[in-house]
Amino acid sequence: MPPQPGERIQPQRPDRELRDILRDVDRRHLEETVHTLVGFGTRHTLSSQTDPVRGIGAATQWAQQQLERYAAQSGGRMTVERQSFLQSPTSRVPNPTTITNLIATLRGTTSPDRVYVVSGHIDSRVTDVLTPDAEEPGADDDASGVALVLELARVMSTRQPEATIVFTVVAGEEQGLLGSAFQAAQYKAAGADIQGMFSCDIVGSSTADDGTRDAHTIRLFTEGVPTTETASQKSIRLSVGGEVDGPSRQLGRFALLVAQNEETDMRIRHIYRRDRYLRGSDHLSYLNQGYPANRFTEPNENFDHEHQDVRVENNVQIGDLIQFMDFDFLARVVKVNAATMWSLAQGPGTPKNVGILTQALTNSTDLVWNANPEPDLDGYEVVWRETTDPDWTHAIPVGNVTSASLPHFSKDNVFFGVRAVDKTGHHSPVAFPVPR
């Protein structure tokens, strides 16, 4: 077998600033946040928006106050807004209802137009999705995700990422992803360059319904073929491959590269599926707008603790109660997201318009791409792997250029990609080329 060109790809180690961020994650703060959210009794989308102590209105107001408190420490870099809209009646919203998302935007210093989003949904539910006033604690689904978002906003608010990070708390998820659908559509209409989004939904328990416990694994669901693939894109894919190489899949591979280490003490189980059977989270709203988006969720679910009326049945406690949470596990999940989001925001953006030249029959490979705008860009690497490998295996540095030629290295035999690298060694996610 001929020598394999390039060097084996190694995980990207956390730099000093990221290690400081990870050390700042506070398990006790996460527990206090979940206790507070559960204490509102119900956070159902159709519950009271005016009661000062119970219902989604009180919970949203409290979460907004926390984000505003963190923004006050940011030196003006973080802003907080309420994003409200009137939802028309649907099968899960009988009457016109105001839905409110919270958006905390930490503006980047050198690449502010490049955006990364992390979300959790504040609404809860029980067995009947149209029951707004029962006890609906929603500890794991999804006070855990909201606590994660608030904690990330807290620890990052005093820092200065190069790209913009959005910490968002969305509503209406249980009624059909309503808040995130509106939010993603607004971003799309504004032309936002969102290069990555993660939904953190049901991330607070490490124990399955059979008692199986896995406190050091988090699942990451990623789609391979883009939701918005066109007929012409499908035709190309059928010709040259790429079924497991959409932008969301590359984003997931990036998370594995930067967030599986001794600092997070976690393994990411990368699942080639955009979500579980019969379920879907807010990342789907972003996928529908053509943005790369994935979902983090706990390794083993207990369905007695999700979408259930709180009750005791056959001597078994049922319901999404705080007693079933694992806050040490949740803290590690926060660290996985912190490592992922910070590494994305501190590194260069994903190269754009990456093409592989196919005008002639050759046993060589020629790649082209647009120049990245980052001021600290060092250059690019061509990455490759065997078509049967699940992740990129080798990287070939090619310098600060916008094309690369690899003589006698056939594009027919392996998959290629391009990633950017800055002067401090931060990498971008990989861009998969399309034929030109």
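What comes next is a walk through the structure. (Residues numbered from 1 in each chain as written. Predicted model: local features only at pLDDT ≥ 70, side-chain atom pairs only at ≥ 80, totals over all residues. Heavy atoms only, no water.)

What follows deals with the environment of Ser74. Along the polypeptide, Ser74 turns up in the loop between helix 3 (56-71) and strand 2 (78-87). Through-space distance from the C-alpha of Ser74 to that of Leu106 is 8.3 Å; in sequence the pair is 32 residues apart. Here Ala71 takes part through its backbone oxygen, which lies 2.6 Å from a polar atom of the side chain of Ser74. (Helix = DSSP H or I, 4+ residues; strand = E, 2+ residues; numbered from the N terminus. Polar contact = N/O pair within 3.5 Å; in protein donor to acceptor, adjacent residues only side chain to side chain.)

We now examine the pattern of salt bridges. Side chains bearing opposite charge may pair, as long as their charged atoms lie close to each other. Under the definition given, this model contains 24 salt bridges. The salt bridge partner of Glu374 is Arg114, with a shortest N-O separation of 3.4 Å. One end of the pair, Glu374, is in the loop between strand 13 (365-368) and strand 14 (377-386); the other, Arg114, is in strand 4 (residues 111-121), and 260 residues separate them in sequence. A salt bridge links Arg279 to Glu306; the nearest nitrogen and oxygen atoms lie 2.9 Å apart. Here Arg279 is found in the loop between strand 8 (267-272) and helix 8 (283-287), whereas its partner Glu306 is found in the loop between strand 9 (293-297) and strand 10 (311-313), with 27 residues between them in sequence. (Salt bridge = Lys/Arg side-chain N within 4 Å of Asp/Glu carboxyl O.)

Take the sheet that holds strand 13 next. Strand order in this open sheet of 4 strands is 16-13-12-18, and the pairing throughout is mixed. Since the sheet does not close on itself, it has two edges, and those belong to strand 16 (403-406) and strand 18 (434-435), each with one partner. (Pairing = 2+ DSSP bridges.)

Inspection of the secondary structure assignment puts Ser119 in strand 4. On the basis of relative accessibility, which here comes to 1%, the residue Ser119 falls in the buried class. Apart from the residues within four sequence positions on either side, Ser119 is in contact with Val149, Thr168, Met197, Phe198, Ser199, Cys200 and Asp282. (Buried < 20%, exposed > 50% of the residue type's maximum accessible area, 1.4 Å probe, protein only. Contact = heavy atoms within 4.5 Å.)

Ranked by size, the top nonpolar core spans 79 residues in total, and within it Ile122, Leu148, Met156, Phe167 and Ile218 carry the most contacts. For Leu148, the residues in contact, after removing those within four places along its chain, are Leu30, Val118, Cys200, Val203, Val333, Val334 and Asn337. By size, the runner-up hydrophobic cluster in this structure holds 17 residues, among which are Trp384, Ile396, Ala404 and Val414. (Core = buried A, V, L, I, M, F, W, Y, C linked by side-chain atoms within 4.5 Å.)

Below, the discussion takes up the packing of helix 3 against helix 4 (residues 139-156). Relative orientation of the contacting elements helix 3 and helix 4 amounts to 15 degrees, with a least axis distance of 9 Å. Taken as axis vectors, helix 3 and helix 4 run roughly parallel relative to one another. As helix 3 packs across helix 4, the resulting crossing turns out to be left-handed. Together, Trp62, Ala63, Gln66, Leu67 and Tyr70 of helix 3 and Leu150, Ala153 and Arg154 of helix 4 make up the contact between the two elements. Class assignment of the residues belonging to the contact of helix 3 with helix 4 gives a composition of 6 nonpolar, 1 polar and 1 charged. (Axes fitted to C-alpha atoms, helices over the stretch in contact; angles between N-to-C directions. Parallel < 35°, antiparallel > 145°, perpendicular 65-115°, else oblique. Left-handed = near helix turned anticlockwise from the far one by under 90°. Nonpolar A, V, L, I, M, F, W, Y, C, P; charged D, E, K, R; others polar.)

Once that is clear, we can look at unusual backbone geometry. Omega for the bond connecting Asp141 with Asp142 falls within 30 degrees of zero, at 5 degrees, which places this linkage in the cis form. Mapping Asp142 onto the fold places it in helix 4. Positive phi values are uncommon outside glycine, yet Leu278 reaches one of about 65 degrees. Looking at where Leu278 falls in the secondary structure, it is placed in the loop between strand 8 and helix 8. Even without being glycine, His307 reaches a positive phi, approximately 55 degrees. The residue His307 is located in the loop between strand 9 and strand 10 in this model.

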